[in-house]
Amino acid sequence: MTVYHVPVLVEEVVEGLITNPTGVYVDATFGGGGHSRAILGQLGPEGRLFGIDKDPDAPLQSLTDERFQGIRGDFRFLEELLEAWQVKEVAGILADLGISSHQVDVPARGFSYRWDAPLDLRMNPYEGEPAWAWLKRQRPEALAELLRTYGDLPKSRRLAETILKHWQPEFTTYQLTECAYKVYGKKAEDFLSPLFQAIRIAINDELGALEALLEAAYRLLSPHGRLVILTYHSGEARILKKHLHRPAEENPVTGWKRPRWKLLAKKTPSPAEIEANPRSRSATLWLIERV
Ligand SMILES: C[S@@+](CC[C@H](N)C(=O)[O-])C[C@H]1O[C@@H](n2cnc3c(N)ncnc32)[C@H](O)[C@@H]1O
């Protein structure tokens, strides 16, 4: 049996996130529930945890603890999702960005260059359109720009043109891989992960979802509440840095004052963790406190 997902930097996440064992916490990216289980292990009997995931495969129902509530939904609507449970303030929010191992390891999800399947790449395969259909509507300049920005891919214009030239209905993971070989030759192997990542970030609007989550976190976090974000690429890190530099600001209409955030620590997995779980290698943990 394959493991759904091996959680990253578990001790560091739990230690940074929990400041009050009776508080309300959110795991915005439940995945296989590894972090959620560790958080519950440190909460007292009155603590509460909400676990959110938009992927219908994420086994929210497998966690049967009366302090836990699973929510199938998109974390970009965090305030609305919590409001349904009468929650307006939380002591901590965790977001472990990116994909679960399950998503890449199940061939039919169309996330991986290791198996041939229609290129899909959606976190929730019942929402929106698969990547192969989305690609059909792209213009070469826009696709090239996105491959450069989200994947740091060289020769991005040629790659975009090659993909669009070879596009066909139900364009597959292998066909996308072949396009990379046409452009990069033997070096293509080095560019497959960033290529799939770039298209995935675009079709799930991952950076837009992160922005929305952070905006909600300003309003939801209690004073000295904690935000723990695990990022996996530079686009996510850039957004966090931008928010960390924002001054406190008052809304002239509502009078609501956006709080400031302080970076308490930044951590990466140890060589031992990377050896045991190579998928952890690009993770960076950002521990942030609402001032
Ligand atoms: C890296 S995995 C999380 C793994 C988890 N921490 C664990 O311990 O198993 C990221 C998860 O976030 C989910 N996800 C990504 N974007 C999301 C969004 N906008 N809303 C809700 N869930 C999202 C994915 O479906 C995936 O299951």
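Residues numbered from 1 in each chain as written. Predicted model: local features only at pLDDT ≥ 70, side-chain atom pairs only at ≥ 80, totals over all residues. Heavy atoms only, no water.

## Section: the environment of Ile201
Definition in use: Put simply, DSSP marks the helices as runs of H or I at least four residues long and the strands as runs of E at least two long, and each gets a number from the N terminus on. Contacts are assigned to residue pairs with any non-hydrogen atoms lying within 4.5 Å of each other.
When you line up the elements, Ile201 lands in helix 9 (residues 188–203). Considering only alpha carbons, one finds Ile201 and Lys136, 65 residues apart in sequence, at a separation of 17 Å. Those residues within four positions of Ile201 in sequence are excluded, and the remaining contacts are Tyr150, Glu206, Leu207 and His233.

## Focus: the packing of helix 10 (residues 206–220) against helix 11 (residues 234–244)
Definition in use: The angle between two axes is taken between their N-to-C directions and runs from 0 to 180 degrees, where each axis is a line fitted to C-alpha atoms and a helix contributes only its stretch in contact. Angle categories: roughly parallel below 35 degrees, roughly antiparallel above 145, roughly perpendicular from 65 to 115, and oblique for all the rest. Note on convention: near helix rotated counterclockwise from far helix by under a right angle means a left-handed crossing. Clockwise means right-handed. Here the nonpolar group is Ala, Val, Leu, Ile, Met, Phe, Trp, Tyr, Cys and Pro; Asp, Glu, Lys and Arg are the charged ones; every other residue, Gly included, is treated as polar.
One can describe the packing of helix 10 onto helix 11 by two numbers: an axis separation of 10 Å at closest approach and a directional angle of 25°. The pairing of helix 10 with helix 11 is recorded here as roughly parallel in orientation. Like other packed secondary-structure pairs, helix 10 and helix 11 cross with a definite hand, here right-handed. Listed contacts from helix 11 to Glu206, Leu207, Leu210, Glu211, Leu214, Glu215 and Tyr218 of helix 10 are Gly235, Glu236, Ile239, Leu240, Lys242 and His243. Partitioned by chemical class, the residues of the contact of helix 10 with helix 11 number 6 nonpolar, 2 polar and 5 charged.

## Quick look at the site of the ligand
Applied cut-off: Being near a molecule or strand, for a residue, comes down to having at least one heavy atom within 4 Å of it. What qualifies as a polar contact is a pair of N or O atoms within 3.5 Å, subject to a donor-acceptor requirement within protein and to the restriction that residues adjacent in sequence count only when both atoms come from side chains. The protein chains shown are the only cover counted for residues, whose accessible areas, like all others here, come from Shrake-Rupley with a 1.4 Å probe.
The full set close to the ligand counts 24 residues, and Gly32, His35, Asp53, Phe75 and Asp96 are the nearest of them. Thr29 is positioned with one of its backbone polar atoms (N or O) 3.5 Å from a nitrogen atom of the ligand. Separating an oxygen atom of the ligand from a side-chain N or O atom of Gln103 is a distance of 2.9 Å. Across the complex, the protein chains shield 97% of the 600 Å² of accessible surface that the ligand would expose by itself. Each residue belonging to the shell around the ligand can be placed in one class, and the counts come to 8 nonpolar, 11 polar and 5 charged.

## Observations concerning the environment of Pro118
Operational definition: Per-residue accessibility, obtained with a 1.4 Å probe over protein chains only, is compared with the maximum for each type, and a residue is labelled buried under 20%, exposed over 50%, and partly exposed between these values.
Relative to the helices and strands, Pro118 is located in the loop between helix 4 (101–105) and helix 5 (131–136). Relative accessible area serves as the criterion here: at 33%, Pro118 is assigned to the partly exposed category. Along the sequence, Pro118 and Ala131 sit 13 residues apart, while their C-alpha atoms lie 8.5 Å from each other. With sequence-adjacent residues up to four places away left out, Pro118 is seen in contact with Gly110, Trp132, Glu170, Phe171 and Thr172.

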